Amino acid sequence: MNALLQPHPVLVPMTVGDLASVMVVEHSAYSFPWTRGNFIDSLAAGYLAQMLVHDTAGVVGYYLAMPGVDEIHLLNLTVAPALQRRGHSRTLLDDLERRCRESHVGKIWLEVRASNQRARQLYAQRGFAEVGLRRGYYPAGAARREDAIVMSLALPAEHGHELD
Ligand SMILES: CC(C)(COP(=O)(O)OP(=O)(O)OC[C@H]1O[C@@H](n2cnc3c(N)ncnc32)[C@H](O)[C@@H]1OP(=O)(O)O)[C@@H](O)C(=O)NCCC(=O)NCCS
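Because the structure is predicted, anything quoted here is derived from the model rather than measured.

Colleague: Looking at this structure, I do not really get the sheet that holds strand β4 (residues 71–79). What am I missing?
Modeller: Note on sheets: strands pair through backbone hydrogen bonds, and any given pair is parallel or antiparallel. With mixed pairing, the seven strands of this open sheet are ordered in space as β1-β2-β3-β4-β5-β7-β6. Sheet topology places β1 (10–13) and β6 (129–139) at the edges, where each strand pairs with a single neighbour. This sheet shows a mean twist of 25° between the axes of neighbouring strands, independent of strand direction. Strands β1, β2 (48–54), β3 (58–67), β4, β5 (107–113) and β7 (145–154) of the sheet are contacted by helix α3 (residues 88–102), whose axis makes an angle of about 160° with β4.

Here it is as structure tokens:
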């Protein structure tokens with residue numbers, strides 16, 4: 001099994017040309033996946049979109065985030081189900097946090113389904129705090145809705161970061 005991930009996967013920017021592979025992962029990872037149009041809109045808008053890819057395994061995972069003035073909104077973080085629980089989400093979040101620090105972005109926001117204990121555990125472990133609730137934010141099938149937990153992570157200002 002470990003041979004599958006030797007050598008380690010690498011981070012590359014996501015492009016429209018990657019979307020066929022990305023959509024396979026997206027559909028395997030979510031009951032309510034993003035549409036291809038959601039990805040295309042995010043890429044066209046210039047959102048930060050990075051993928052972790054492996055020579056033989058292909059797309060291991062990815063994230064997309066919408067930059068704001070001094071903060072960024074993590075819109076999608078996904079690891080292929082067959083490759084989960086191997087630390088890949090940490091690699092993706094490390095990359096996001098590094099880019100935020102380099103760009104003097106002070107805060108990361110995200111929403112997560114209330115029932116998504118794996119992701120809530122991940123974000124809590126990374127230092128994200130639960131700061132709000134959006135009632136009925138997500139579709140949940142058969143005309144039902146599910147709450148979103150709003151989480152945020154404050155990134156310490158680096159030397160030279162000008163606060164206005
Ligand atoms: C949530 C997700 C991104 C985690 O990715 P991953 O690569 O499997 O996670 P990692 O191996 O990097 O694990 C990091 C931490 O996440 C948490 N975690 C991951 N999988 C978990 C599980 N099955 N149960 C409980 N906690 C889990 C743990 O805190 C873990 O740290 P630990 O291994 O020290 O306990 C992945 O499960 C996924 O893509 N899920 C479907 C899509 C999704 O829900 N995305 C988040 C939307 S907000």
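Colleague: For this particular structure, what's the right way to read the site of the ligand?
Modeller: As a structural note, the neighbourhood of the ligand is formed by 21 residues, with L77, R85, G87, S89 and N116 the closest of them. Within the contact set of the ligand, a nitrogen atom lies 3.2 Å away from a side-chain nitrogen or oxygen of Y30. R85 has a polar backbone atom sitting 2.6 Å from an oxygen atom of the ligand. The protein chains hide 82% of the 910 Å² of surface that the ligand would expose on its own. Going through the elements one at a time, β4, α3, β5 and α4 (117–125) are the ones with two or more residues in the shell around the ligand. Along the lines of polarity and charge, the residues of the shell around the ligand split into eight nonpolar, eight polar and five charged.

Colleague: Explain helix α2 (residues 36–44) to me, please; I cannot follow it from the model alone.
Modeller: Since one α-helical turn is 3.6 residues long, residues separated by three or four positions face the same way. Of the residues making up α2, those classed as buried are F39, S42 and L43. Down the axis of α2, the sector holding all buried residues measures 95°, keeping them to one side. Facing away from the buried side of α2 by more than 90 degrees, the exposed set consists of D41 and A44. Check the buried side of α2 and you find it contacts α1 (19–29), β2, β3 and β4. Just downstream of α2 lies G46, where phi reads positive at about 80°.

Colleague: I tried to follow unusual backbone geometry on my own but got confused; where do I start?
Modeller: One can expect most non-glycine residues to show negative phi and most peptide bonds to be in trans. Unusually for a residue other than glycine, R85 sits at a positive phi of about 65°. For R85, a relative accessible area of 86% puts it in the exposed group. Residue A142 is not a glycine yet carries a positive backbone phi of 45°. Its place among the elements puts A142 in the loop between β6 and β7. By relative accessible area, A142 is classed as exposed at 75%.

Colleague: What is the right way to look at the packing of aromatic side chains in this model?
Modeller: Between two aromatic rings, the relevant description is the distance of the centres plus the angle of the planes. Applying the stated criterion to the full structure yields four aromatic pairs. Ring geometry for F39 versus Y62: centroids 5.9 Å apart, planes at 75°, classification edge-to-face. With F39 in helix α2 and Y62 in strand β3, this pair connects stretches of sequence that are 23 residues apart. Measuring from centroid to centroid gives 4.9 Å for Y137 and Y138, while their planes differ by 90°, and the two rings are edge-to-face. Here a set of aromatic residues connected by ring pairs shows up, and it is made of W34, F39 and Y62.

Thresholds, definitions, all that
Residues numbered from 1 in each chain as written. Predicted model: local features only at pLDDT ≥ 70, side-chain atom pairs only at ≥ 80, totals over all residues. Heavy atoms only, no water. Pairing = 2+ DSSP bridges. Helix = DSSP H or I, 4+ residues; strand = E, 2+ residues; numbered from the N terminus. Axes fitted to C-alpha atoms, helices over the stretch in contact; angles between N-to-C directions. Contact = heavy atoms within 4.5 Å. Near = heavy atom within 4 Å. Polar contact = N/O pair within 3.5 Å; in protein donor to acceptor, adjacent residues only side chain to side chain. Areas by Shrake-Rupley, 256 points an atom, 1.4 Å probe, with all protein chains shown as cover. Nonpolar A, V, L, I, M, F, W, Y, C, P; charged D, E, K, R; others polar. Buried < 20%, exposed > 50% of the residue type's maximum accessible area, 1.4 Å probe, protein only. Arc of directions from axis to C-beta. Phe/Tyr/Trp six-rings, centres within 6.5 Å; stacked < 30°, edge-to-face > 60°.

These figures capture arrangement, not role.
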